[in-house]
Amino acid sequence: MERLIFATGNEGKMREIRDILADTYPEILSMKEAGIRTDIMEDGKTYEENAMIKARAVAEAAPGELVLADDSGLEIDYLGKEPGIYSARYLGEDTSYRVKNADLIRRLEGVPDEQRTARFVCAIAAVLPDGRELAVRATIEGRIDYEEKGNNGFGYDPIFYVPEFGKTTAELTEEEKNLVSHRGKALRLMKEELKKL
Ligand code: IMP
């Protein structure tokens, strides 16, 4: 298997995916590049379920291909693991991350460091050309900062502080983030699992 389709339309994710998987899969296509357009209802209850829903939908449109998909989110312990699987939809899909991040910081006002723990979670699902399925999950632990910092990355990166670096993930370079991030780790794990098959 030298080729795979990744079920995402997000260019930022595609860059990360290519960086990590290119040594094993010379040809990595986004859904758009593979000419696949399907409306996918992400109505699963876990990251793994949502990732598998996306992978299966694309696999159905591209029989015989290796298809991967991911689902990710931010869990804040103090907020009962919110926004979790609803991270993209938090306060509405079209609301800016300036507003979403400011809102989360406000909800943690007065909460001390040790109770500001949070993690990014990423599940990756695969449907193989013969129909077999597998899923992996990885996380990165951190805490919610007191203000937005950094201009790299996307989404909740400016408020996600990583103690080992003393920085938010929006202050890390793309290479640094790939090495430690939930998505980077999950992609490497998936690559190993696929090699075993
Ligand atoms: P999905 O995985 O595309 O369904 O969306 C996950 C949502 O979680 C994104 O839209 C972001 O809000 C958030 N998220 C996931 N991974 C990251 C990350 O690496 N940095 C910042 N936000 C993230």
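From a predicted model like this one, the values you see are computed outputs, not experimental measurements.

Draft legend 1. View of the layout of surface pockets. What the largest pocket holds in volume is close to 750 Å³. Lining the largest pocket are 32 residues, and of these N10, K13, E42, K54 and A88 lie nearest its centre. Sorting elements by how many residues they give to the lining of the largest pocket places strand 3 (residues 66–76) first, with five residues. Of the residues belonging to the lining of the largest pocket, the class tally is eleven nonpolar, nine polar and twelve charged.

Draft legend 2. Representation of the site of the ligand within the structure. Taken together, 17 residues lie around the ligand, and K13, S72, Y97, D157 and K177 are the ones closest in. At 3.2 Å from a nitrogen atom of the ligand is found a main-chain nitrogen or oxygen belonging to Y156. H182 places a side-chain nitrogen or oxygen 3.0 Å from a nitrogen atom of the ligand. Put simply, the ligand lies in the largest pocket. Secondary-structure elements contributing two or more residues to the shell around the ligand are strand 3 and helix 5 (182–196). Considering every element that reaches the shell around the ligand, the biggest residue donor is strand 3, with three residues. Its residues assigned to classes, the shell around the ligand shows five nonpolar, five polar and seven charged.

Draft legend 3. Representation of the side chain of K100 in the model. Note that K100 resides in helix 3 (residues 97–107). Among buried charged residues, K100 stands out as having no salt bridge; its nearest opposite-charge side chain is E93, 6.6 Å away. Reaching out from K100, the side chain makes a polar contact with the backbone oxygen of A88 at a distance of 2.8 Å. At a separation of 3.1 Å, a polar atom in the side chain of K100 contacts the main-chain carbonyl oxygen of Y90. When neighbours within four sequence positions are excluded, K100 is seen to be in contact with S87, A88, R89, Y90, L91, G92, E93, T95 and Y156.

Draft legend 4. Inspection of the environment of K32 at higher detail. Along the chain, the position of K32 falls in the loop between strand 2 (27–30) and helix 2 (47–61). Residues K32 and T8, 24 residues apart in the sequence, show an inter-C-alpha distance of 8.3 Å.

Criteria and cut-off values
For every chain, the first residue of the written sequence is number 1, and numbering continues from 1 along that sequence. A pLDDT threshold of at least 70 governs which residues receive local features in this predicted model, and a stricter bar of 80 or more applies before side-chain atom pairs are shown or counted, although totals over entire chains, interfaces and linings include all residues. Excluding hydrogens and water, the side-chain values take into account all heavy atoms of the structure. Here a cavity denotes a set of grid points, spaced 1 Å apart and computed over the protein atoms alone, in which a 1.4 Å probe fits but from which it cannot get out, and a pocket denotes an open set meeting protein on both sides within 12 Å along at least five of seven lines; residues with an atom within 4 Å of a point are reported as lining. Grid points are joined across faces, edges and corners, and a volume is the space filled by probe spheres set on the points. Only DSSP runs of H or I covering at least 4 residues are called helices, and only runs of E covering at least 2 are called strands; the numbering of each starts at the N terminus. Charged residues are taken to be Asp, Glu, Lys and Arg, nonpolar residues to be Ala, Val, Leu, Ile, Met, Phe, Trp, Tyr, Cys and Pro, and polar residues to be all remaining types, Gly included. One heavy atom suffices: a residue is near a molecule or strand as soon as one of its heavy atoms comes within 4 Å of it. Any pair of N or O atoms that falls within 3.5 Å is considered a polar contact. Within protein, one atom must be able to donate a hydrogen and the other to accept it, and sequence-neighbouring residues count only if both atoms are side-chain atoms. A molecule is counted as occupying a cavity or pocket when more than half of its atoms fall within 2 Å of that pocket's grid points. Each residue's exposure class comes from its accessible area (1.4 Å probe, protein chains only) as a fraction of the maximum for that residue type: buried when under 20%, exposed when over 50%, partly exposed otherwise. All tallies of charge rest on Lys and Arg as positive and Asp and Glu as negative; His and the ends of each chain are not included. Any Lys or Arg side-chain nitrogen located within 4 Å of an Asp or Glu carboxyl oxygen qualifies as a salt bridge. Throughout, a contact is declared for two residues whenever any of their heavy atoms are within 4.5 Å.

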